[in-house]
Amino acid sequence: MTEKEKVAIIGSGNWGSAIARIIATNTAKHENIFEKETKIWVFEELIDGQKLTEIMNTKHENVKYLPGITLPENLIAEPDLIKSVDGATILVFVLPHQFISRTLSTIKEHIKKGCRAITLIKGFVVDDQDEIHLISDMISESLGIQVSALMGANVANEVAQDMFCETTIGCADQKDQEMYLKLFNTKTFRVSTVSDVYGVEICGSLKNIVALGAGFCDGLSFGGNSKAAIMRIGLLEMKKFAQMFYKGVESETFFESCGVADLITTCVGGRNRKVAEAFVKTGKSWNDLEAELLNGQKLQGTLTCDEVHRFLTKKGKIEEFPLFFTIYLIAQKKVEPLRVFDFDEVTTEFKK
Ligand SMILES: NC(=O)c1ccc[n+]([C@@H]2O[C@H](COP(=O)([O-])OP(=O)(O)OC[C@H]3O[C@@H](n4cnc5c(N)ncnc54)[C@H](O)[C@@H]3O)[C@@H](O)[C@H]2O)c1
């Protein structure tokens, strides 16, 4: 008999908890393929004096990051990162990207030989030389394993309420594509698979920059036409970036849920859009707004925007991405928000 797959979920924020609900439901449903018990690593914190892991394992709810949603009883919250990955054959990475490096070095010596990973993390890591590292590459280089990516128009709170949506899995291995379908697909969370891992992942990371632009439109009280224009131009810059710097990225990937659909939902309802709107309306700092509006969740767009800017500066390609550059300058308060629509002129004015 072939060994059952054992799944470990690394991260338990808003999206981590929502996807854990789906995963644990499916590991219980497909007990012939997966071990039913599914561990989720929780960065421990106290809620009214009680450990979050204890609350999750008794109340079956992540009261801080996904309140009001019942989690399956076969989902076990584990505060010890090393214990959470013990014996796992599939590692699901779903934590804010600023924590990935430390997480990888902690588990490096403790993972099972032959395991695979899938990343749901949106964002890059940029090193001291201003080189971009995709999270999938970081995982595969650090752990020496195959890595796939899952991205889509998936606002966690809606997914958790079983509102219909689609998602895209980029996975190079045909057999693993089938296994991931079993692990993630539900009636209301419809999964498509493609082999373009980089394309899927890059869509998910770059869209948060465009979401800041969409938030600026809202902060300025501009209407749907302007926001749609920012989204369209943003999508073209996303595609250009992915194909300029990464081999094998397919144009079709941008029409999957991870591309155009995720961009739309992020620019209409996501957290980066919301905070960018408040940034224009209040003039407060990003840090203050993150603390005020996101209840412990992390704002990714400003970090990604800064990282992409450093990378493009190093490559001498700023001028080819005028919208990204202008959004960066607005986020840095170097340019008035209204100039988001003037991106060509701004780029000519500010390029070195
Ligand atoms: N929320 C969404 O709707 C959504 C949808 C799709 C993808 N994503 C992506 O999924 C990833 C995870 O996002 P999320 O929404 O689950 O997280 P989140 O922003 O809701 O929560 C933050 C998480 O980080 C943990 N944390 C805090 N400090 C930490 C530390 N020092 N070390 C490790 N962990 C720490 C917290 O315990 C919490 O689990 C992100 O890349 C995000 O872009 C989110």
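Everything numeric here is computed off the predicted structure, so don't read it as measured data.

**Remarks on the UniProt feature "binding site: NAD(+)" (unreviewed entry) in the chain**
Alright, step 1. In this structure's numbering, the residues bearing the UniProt feature "binding site: NAD(+)" (unreviewed entry) are Gly11, Ser12, Gly13, Asn14, Trp15, Gly16, Phe43, Phe99, Ala156, Arg271, Lys298 and Gln300. As for the largest pocket, its lining draws on Gly11, Ser12, Gly13, Asn14, Trp15, Gly16, Phe43, Phe99, Ala156, Arg271, Lys298 and Gln300 from among the annotated residues.
Alright, step 2. You can see Gly13 is positioned in the loop between β1 (7-10) and α1 (14-29).
Alright, step 3. Apart from residues lying up to four places away in sequence, Gly13 is in contact with Asn62 and Tyr65.
Alright, step 4. Relative to the helices and strands, Phe43 is located in the loop between β2 (38-41) and β3 (46-47).

**Comments concerning the UniProt feature "binding site: substrate" (unreviewed entry) in the chain**
Alright, step 1. Per the UniProt record, "binding site: substrate" (unreviewed entry) is annotated on Lys122, Arg271 and Asn272. These annotated residues cover 151 residues of sequence, but their C-alpha atoms sit close together, with the largest distance between any two at 13.0 Å. Lining the largest pocket, from the residues just named, are Lys122, Arg271 and Asn272.
Alright, step 2. Looking at the secondary structure, you find Lys122 in the loop between β7 (116-119) and β8 (124-126).

**Some thoughts on the site of the ligand**
Alright, step 1. In the vicinity of the ligand there are 24 residues, among which Asn14, Lys122, Ala156, Arg271 and Gln300 approach most closely.
Alright, step 2. Here an oxygen atom of the ligand sits 2.8 Å away from a polar atom, N or O, in the main chain of Ala156.
Alright, step 3. Within the contact set of the ligand, an oxygen atom lies 3.4 Å away from a side-chain nitrogen or oxygen of Gln297.
Alright, step 4. For the ligand, the protein covers 90% of the area, taking 850 Å² as the surface of the free molecule.
Alright, step 5. When each cavity is represented as a set of grid points, the ligand is found to reside in the largest pocket.
Alright, step 6. Ranked by residue count, the leading element in the shell around the ligand is α1, at three residues.
Alright, step 7. Its residues placed into classes, the shell around the ligand shows twelve nonpolar, seven polar and five charged.
Alright, step 8. Split by domain, the residues of the shell around the ligand number at least three in each of domain 1 (7-195) and domain 2 (204-350).

**Some thoughts on the environment of Arg310**
Alright, step 1. As for its position among the elements, Arg310 is in helix α13 (residues 301-315).
Alright, step 2. Between the C-alpha atom of Arg310 and that of Ile100, which follows or precedes it by 210 residues, the distance is 20 Å.
Alright, step 3. The residues touching Arg310, leaving out its near neighbours within four places in the chain, are Val126, Asp127 and Asp130.

The rules behind these values
- Residues numbered from 1 in each chain as written.
- Predicted model: local features only at pLDDT ≥ 70, side-chain atom pairs only at ≥ 80, totals over all residues.
- Heavy atoms only, no water.
- UniProt positions renumbered as here; feature names shortened; annotations may be inferred.
- 1 Å grid on protein atoms, 1.4 Å probe; cavity = no way out; pocket = protein on both sides within 12 Å on 5 of 7 lines; lining within 4 Å.
- Helix = DSSP H or I, 4+ residues; strand = E, 2+ residues; numbered from the N terminus.
- Contact = heavy atoms within 4.5 Å.
- Near = heavy atom within 4 Å.
- Polar contact = N/O pair within 3.5 Å; in protein donor to acceptor, adjacent residues only side chain to side chain.
- Areas by Shrake-Rupley, 256 points an atom, 1.4 Å probe, with all protein chains shown as cover.
- Sits in = over half its atoms within 2 Å of the grid points.
- Nonpolar A, V, L, I, M, F, W, Y, C, P; charged D, E, K, R; others polar.
- Domains from an automatic or database assignment.

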